[in-house]
Amino acid sequence: MVSKRTKLQLKIILLGDIGVGKTSILNQHVAQLFPSTQFVTRIPPDFLVKDATVNDRQVTLQFWDPAGHERFETIHKPWYRRSHCCVLVYDINNEKSFQSLKKWLKECHDACFHDMHNSPVILLGNKVDDGEKRQVTPEHALQFCAENGNIPYFETSAKDATNLQEAFGTAARFALGYK
Ligand code: GDP
Ligand code: MG
């Protein structure tokens, strides 16, 4: 009998302050849309799906968007459950959103990935298309990444899709390795 391999579902969560571009990044990456039209449903769980081939395996990527709940400083624990990768996002033109990364990373570690130095997390510095008012240098971001378990770093734009393929390729490989 031929055994049918069930398609893996990999859950990738996006985290970061409100306004950094999480929803726009997802809409651009999954549906090539910018500016983003709002999701139809606002009832959690709120996620987009995309089929992909990762290391020769057919998988379904589920991208989970906090969809406004990040406004309340903390996201309830069930939202994090069974995540395979976390994509942290800040806005390079907003220092405060960079300062918040520590909090989001801690919340993410507490809720789903417990090993600080070996967890499937990547960091995006978003809005590079609009970097004239930049408040956070790449060096600063890389230092944060080095201090928090060598997190891969990408400077992205949801507007023109800069580095989104590369970033989500890495996120998917991390997710598969962590399933
Ligand atoms: P979220 O709260 O993190 O989901 O952020 P949104 O996706 O709602 O984006 C907040 C605002 O930033 C919106 O006005 C977007 O159009 C804008 N935005 C998001 N990403 C980018 C980007 O890469 N470049 C530029 N120029 N604007 C962006
Ligand atoms: Mg949003």
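Residues numbered from 1 in each chain as written. Chains lettered and ligands numbered in written order. Predicted model: local features only at pLDDT ≥ 70, side-chain atom pairs only at ≥ 80, totals over all residues. Heavy atoms only, no water.

Draft legend 1. View of the sheet that holds strand 4 (residues 85–91). Here six strands make up an open sheet; going across it, the order is 2-3-1-4-5-6 and the pairing mixed. Every interior strand has two partners, whereas the edge strands, strand 2 (47–54) and strand 6 (153–156), have only one. Pairwise comparison of adjacent strand axes, ignoring direction, gives a mean angle of 25° for this sheet. Judged from the four bridges that link them, strand 1 (residues 8–15) and strand 4 form a sheet pairing that is parallel. Bridge pairing in strand 4 links Ile-13 to Cys-86. Running at roughly 145° to strand 6, helix 4 (residues 138–147) makes contact with strand 4, strand 5 (121–126) and strand 6 of the sheet. (Pairing = 2+ DSSP bridges. Helix = DSSP H or I, 4+ residues; strand = E, 2+ residues; numbered from the N terminus. Axes fitted to C-alpha atoms, helices over the stretch in contact; angles between N-to-C directions. Contact = heavy atoms within 4.5 Å.)

Draft legend 2. Layout of the site of ligand 1. Of all residues adjacent to ligand 1, which total 17 residues, the nearest are Gly-19, Lys-22, Ser-24, Asp-129 and Ala-158. Measuring from an oxygen atom of ligand 1, one finds a backbone N or O atom of Gly-21 at 3.0 Å. In the complex, 75% of the free accessible area of ligand 1, which totals 580 Å², lies under the protein chains. Among the elements that take part in the shell around ligand 1, helix 1 (residues 22–31) stands out by supplying three residues, more than any other. Tallied by class, the residues present in the shell around ligand 1 amount to four nonpolar, six polar and seven charged. (Near = heavy atom within 4 Å. Polar contact = N/O pair within 3.5 Å; in protein donor to acceptor, adjacent residues only side chain to side chain. Areas by Shrake-Rupley, 256 points an atom, 1.4 Å probe, with all protein chains shown as cover. Nonpolar A, V, L, I, M, F, W, Y, C, P; charged D, E, K, R; others polar.)

Draft legend 3. Main features of the packing of helix 1 against helix 5 (residues 164–177). For the pair helix 1 and helix 5, interaxial distance at closest approach is 11 Å and the crossing angle is 90°. Taken together, the axis directions place helix 1 and helix 5 in an arrangement best described as roughly perpendicular. Across the interface between the two elements, Ile-25, Leu-26, Gln-28 and His-29 from helix 1 touch Leu-164, Gln-165 and Phe-168 from helix 5. Of the residues contributing to the contact of helix 1 with helix 5, the split by class is four nonpolar, three polar and no charged. (Parallel < 35°, antiparallel > 145°, perpendicular 65-115°, else oblique.)

Draft legend 4. Layout of the packing of aromatic side chains. Applying the stated criterion to the full structure yields eight aromatic pairs. Ring geometry for Phe-113 versus Tyr-178: centroids 5.1 Å apart, planes at 90°, classification edge-to-face. Placement of the pair is Phe-113 in the loop between helix 3 (101–111) and strand 5 and Tyr-178 in the segment after helix 5, with a sequence separation of 65 residues. Residue Phe-113 is classed as buried on the basis of its relative accessible area of 0%. For Lys-11, the ring lying beneath its charged end belongs to Trp-64, and the centroid distance is 3.8 Å. One Lys or Arg, Lys-103, reaches over the ring of Trp-104 and ends 4.0 Å from the middle of that ring. (Phe/Tyr/Trp six-rings, centres within 6.5 Å; stacked < 30°, edge-to-face > 60°. Buried < 20%, exposed > 50% of the residue type's maximum accessible area, 1.4 Å probe, protein only. Lys NZ or Arg CZ within 6 Å of the ring centre and 35° of its normal.)

Read these as spatial facts, not as claims about activity.
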